[in-house]
Amino acid sequence: MTTIFFVNPTVREILMMVLYILLLVQMGCFLVSFSETGKYVARSMIPLFLISFLALCSIRYVNRISGWNPDVQPDTCWKWLHSLPAGGVILFVLVLVVLTWHFFRKSVKVYQNSITRSSIKESIDNLPAGLGFCAPNGRILLANRRMEELCHAITGEDFQDANQFWRILTDGTGCEGTERISEGNAPCFRLSDKTIWTFGKKLLCVDGKNVIQITAVNTTRLHQLSEELRENNRKSEEMSIRLKQYGENMKDFVRSREILEAKMRIHNEMGQALLASRSYLLQGSSPMRENDLLKQWECVIALLKKEAEPQNPKKIWSSFVDSAGLAGVKIFVEGNIPKQEETVKLIVAAAAEALTNAVRHAGADELYMKLSEAGNGLQITFTDNGKNPDGEIIEGGGLTSLRIRLEESGGTMEIKTEPEFTLAVTVPAGREEKC
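Residues numbered from 1 in each chain as written. Predicted model: local features only at pLDDT ≥ 70, side-chain atom pairs only at ≥ 80, totals over all residues. Heavy atoms only, no water.

*Asks:* Could you clarify how one ought to interpret helix α7 (residues 162–170) in this entry?
*Replies:* Quick reminder: α-helices carry 3.6 residues per turn. Residues three or four places apart thus point the same way. Among the 9 residues that make up α7, 7 are buried, leaving the element largely enclosed by the rest of the structure. Listed as buried for α7 are Ala-162, Asn-163, Phe-165, Trp-166, Ile-168, Leu-169 and Thr-170. If you check the start of α7, you find a side-chain oxygen 3.1 Å away from the backbone N of Asn-163, and it comes from Asp-161. (Buried < 20%, exposed > 50% of the residue type's maximum accessible area, 1.4 Å probe, protein only. Helix = DSSP H or I, 4+ residues; strand = E, 2+ residues; numbered from the N terminus. Polar contact = N/O pair within 3.5 Å; in protein donor to acceptor, adjacent residues only side chain to side chain.)

Right, here's the structure in full:
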């Protein structure tokens, strides 16, 4: 059996190199694991380190006394080293390698799961915000990468004196390309890359000592939202002014609309009364018809004095037919009168104007109405049995008022003279109501 003394010196040199490496690794594991969470690994590394050191010293001693001459006799007290089998020594070294590898992995886990100074620095360096801690005299205790970048961008210098940096933030002037947006306890700067940073300062008490904390937050989006809000408020104020002006214009419009409707109502009532009076004077009639005519003129007078209430819309068609009868004009209708209240009012307004023109200008005593559907509305054609006009029809007050009223409600009006005088209007369909 080959002993360690008679083994090739190169093998012993390799074993010594392995043991040197193991000692370095074990020392590193001991230092890394020397904390609260790694005490078990640190304690285990001490005996392993001693055993590896003794093994290294023993092989070195054997290597020193033997050299390349195996005939040299060792000291009596170390004679047992020469009788150690080479295979056992190599196996022992392999066991040390395995144990060292095992505790090396444990120490790596301890390092990864432990909070150290380097891990704290790495963590705050990864923060998107700027963070720095300093003593009351301005000496920097800890600062992350972002705070250092901001200090260099604003002052052009490194983050070495926190008090000087804060004085520049609050009172001084930054480098070219930077712009102060706000001052006071929360100074705000716009940098050359168009980002906006807001700084803050706070006094902390840590372990009975005063520590100043300086923070920097990216408020670019917040300022963009503020600008958008300001712009929206400005637009809202302009819209409010326009709405106010629109309301004032609407009052004038409603007032003019009411005046127009009042004029048209007076025009229709007076026209019907005049037609009835003309028929009475020309033809004569019974005392009963005379009383009806007087009542009609009383209604006109009351309307002029604003003492009469508007006629019930549900009875407006029958009232129109009765008024036409008093004027000596018969109404012939082809089609069905609609039941929508607003539509009936427009039809009666157009029929009253057609009746007035038929009696006054054509001498007619019959008025023909033809109702037909036209898209989403209703078309009404008025003709009479009077004579045709000699020339072109020029719209007067009554026809003009009727056209305005129809167009405002979404309808149309058209006048034809060939082959006979025709008044054609369209009115929109209203809500369904019982007439």
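There's more to say after this.
*Asks:* Just to check I follow, could you spell out the sheet that holds strand β11 (residues 422–428) for this structure?
*Replies:* One key point about sheets: their strands pair by backbone hydrogen bonds, in either a parallel or an antiparallel sense. The strand order β7-β8-β9-β11-β10 describes an open sheet built from 5 strands, whose pairing is mixed. Pairing within the sheet leaves two strands with one partner each, and these edge strands are β7 (330–334) and β10 (412–416). Going from strand to strand, the sheet's axes swing by 20 degrees on average, the running direction of each strand aside. Pairing between strand β9 (residues 377–384) and β11: 6 bridges, direction antiparallel. Residue Ile-380 lies in a different strand from β11, and its bridge partner there is Val-425. Across the sheet, helix α12 (residues 397–408) lies against β10 and β11, angled at about 145 degrees from β10, the strand it touches most. (Pairing = 2+ DSSP bridges. Axes fitted to C-alpha atoms, helices over the stretch in contact; angles between N-to-C directions. Contact = heavy atoms within 4.5 Å.)

*Asks:* I keep staring at the pattern of salt bridges and nothing clicks. Help me out?
*Replies:* Per the counting criterion, the structure on display carries 8 salt bridges. Across the salt bridge formed by Glu-342 and Lys-345, the nearest N and O atoms sit 4.0 Å from each other. Here Glu-342 pairs with Lys-345, and both are found in helix α11 (residues 341–362), just 3 residues apart, close to one helical turn. Each of Glu-231, Arg-234 and Glu-238 takes part in salt bridges that share partners, so that together they form one network. (Salt bridge = Lys/Arg side-chain N within 4 Å of Asp/Glu carboxyl O.)

*Asks:* How should I be thinking about the sheet that holds strand β4 (residues 188–190) in this particular structure?
*Replies:* Across the sheet, which stays open at both edges, the 6 strands sit in the order β2-β1-β6-β5-β4-β3 with antiparallel pairing between neighbours. Sheet topology places β2 (140–143) and β3 (179–182) at the edges, where each strand pairs with a single neighbour. Within the sheet, the average angular offset between the axes of one strand and its neighbour, ignoring direction, is 25 degrees. Note that strand β5 (residues 196–206) and strand β6 (residues 209–218) share 10 bridges and pair antiparallel. Bridge pairing links Lys-202 to Gln-213 in β6. Sheet contacts for α7: β1 (130–134), β2, β3, β4, β5 and β6; angle to β5, the most-contacted strand, approximately 140 degrees.

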